[in-house]
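Each chain, letter by letter, is given below.
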Amino acid sequence: MKTRSTNYISLEFLSRSANEAFARGAVACFAAQLDPTLEELGDIKTAVSEAVTNAIVHAYPDALGRIAVRAQVLEGDVLEITVRDWGKGIADVEQARQPLYTTGGEDRSGMGFTIMESFMDKLYVRSTQGKGTRVTMRRRIQPRRPAK
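Please read all numbers here as calculations on a predicted model, not as lab measurements.

## Quick look at the environment of glutamine 72
Among the secondary structure elements, glutamine 72 is positioned in strand β2 (residues 66-74). Residue glutamine 72 is classed as buried on the basis of its relative accessible area, which comes to 12%. Measuring from C-alpha to C-alpha, the distance between glutamine 72 and phenylalanine 30 comes to 8.5 Å, with 42 residues separating the pair along the chain. In this structure, glutamine 72 is in contact with Ser5, Asn7, Tyr8, Phe30, Val78, Leu79 and Glu80, ignoring residues within four places of it in sequence. There is a polar contact of 3.1 Å between the side chain of glutamine 72 and the side chain of serine 5. Separated by 2.6 Å, the side chains of glutamine 72 and glutamate 80 make a polar contact.

This is how it looks when you write it as structure tokens:
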């Protein structure tokens, strides 16, 4: 059953590290319409940051490429965020999702997917070598009760 989108944004930018903060901030501003708590907003920003950083570091290690971010509000106050690249792809997605696994060298922690998974309700990763990767994350924002 397909869930209907009630609102969305779509961004595309070069794989420059300066654009990671832009993507994180843009998605956070978009998510604000769901009235998330500061903790929920922090979790969303962290997950977006990890997904975009993965695309910058791993998809395009030796060149600039493009990254697309789409955020949408689905029925039931669910925020869905998709980060896509057209880079080198992931050889083994299951291995890449293991904590501490990295192809980014000593300065990378290998915790990107683990962090995304811990801060979001659902995480889907699809990748084809030589064609790129699509990371889709979902988080239900709990409606807040009005103050009494």
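## Some details on the sheet that holds strand β3 (residues 78-85)
The strand order across the open sheet formed by 5 strands is β1-β2-β3-β5-β4, and the pairing between neighbours is antiparallel. The sheet is open, and its two borders are formed by β1 (5-14) and β4 (122-128), each paired with just one other strand. Between one strand axis and the next, the sheet turns through 10° on average, direction left out of account. Bridge analysis of β3 against strand β5 (residues 132-140) gives 8 bridges, and the strand direction is antiparallel. Note on β5: the bridge partner recorded for leucine 79 is arginine 139. Along the sheet, helix α2 (residues 38-59) makes contact with β1, β2, β3 and β5, crossing β3 at roughly 15°.

## A closer look at the pattern of salt bridges
Counted by the stated rule, this structure contains 5 salt bridges. Glutamate 20 serves as the salt-bridge partner of arginine 24, at 2.5 Å between the closest nitrogen and oxygen. Taken together, the residues arginine 24 and glutamate 20, both in helix α1 (residues 18-31) and 4 residues apart, mark about one turn of the helix. By relative accessible area, which is 25% here, arginine 24 ends up partly exposed.

## A closer look at the packing of aromatic side chains
What characterises a pair of aromatic rings is the spacing of the ring centres plus the angle enclosed by the ring planes. Under the counting rule described, the total for this entry stands at 1 aromatic pair. Ring geometry for phenylalanine 13 versus phenylalanine 22: centroids 6.3 Å apart, planes at 90°, classification edge-to-face. Note that arginine 66 overlies the ring of tryptophan 86, its terminal NZ or CZ placed 3.7 Å from the centroid. Taking the ring centre of tyrosine 8 as reference, the NZ or CZ of arginine 70 above it sits at 4.1 Å.

## Digging into the packing of α1 against α2
Closest axis-to-axis distance for the α1/α2 pair is 9 Å, and the angle between their directions is 145°. For α1 against α2, the interelement crossing comes out right-handed. Every residue of α2 that contacts α1 at Glu20, Ala23, Arg24, Val27, Ala28 and Ala31 is listed here: Leu41, Ile44, Lys45, Val48, Ser49, Val52, Thr53 and Ile56. Residue classes in the contact of α1 with α2 are distributed as 9 nonpolar, 2 polar and 3 charged.

## Describing the pairing of β4
Summarising the sheet, β4 and β5 pair through 7 bridges and their orientation is antiparallel. Looking at β5, one finds that leucine 123 is bridged to methionine 137.

## Quick word on the nonpolar core
Residues Ile44, Val52, Ile67, Val69, Ile81, Met116 and Met137 are the most contacted members of the largest nonpolar core, which totals 35 residues. Secondary-structure elements contributing two or more residues to this core are β1, α1, α2, β2, β3, α4 (112-119), β4 and β5. When residues of this core are assigned to their parent elements, the largest contribution, 9 residues, is made by α2. Methionine 137 has contacts with Ala47, Val48, Ala51, Leu79, Glu80, Ile81, Met116, Met120, Lys122 and Leu123, leaving out every residue within four places of it along the chain.

What counts and what doesn't
- Residues numbered from 1 in each chain as written.
- Predicted model: local features only at pLDDT ≥ 70, side-chain atom pairs only at ≥ 80, totals over all residues.
- Heavy atoms only, no water.
- Helix = DSSP H or I, 4+ residues; strand = E, 2+ residues; numbered from the N terminus.
- Buried < 20%, exposed > 50% of the residue type's maximum accessible area, 1.4 Å probe, protein only.
- Contact = heavy atoms within 4.5 Å.
- Polar contact = N/O pair within 3.5 Å; in protein donor to acceptor, adjacent residues only side chain to side chain.
- Pairing = 2+ DSSP bridges.
- Axes fitted to C-alpha atoms, helices over the stretch in contact; angles between N-to-C directions.
- Salt bridge = Lys/Arg side-chain N within 4 Å of Asp/Glu carboxyl O.
- Phe/Tyr/Trp six-rings, centres within 6.5 Å; stacked < 30°, edge-to-face > 60°.
- Lys NZ or Arg CZ within 6 Å of the ring centre and 35° of its normal.
- Left-handed = near helix turned anticlockwise from the far one by under 90°.
- Nonpolar A, V, L, I, M, F, W, Y, C, P; charged D, E, K, R; others polar.
- Core = buried A, V, L, I, M, F, W, Y, C linked by side-chain atoms within 4.5 Å.

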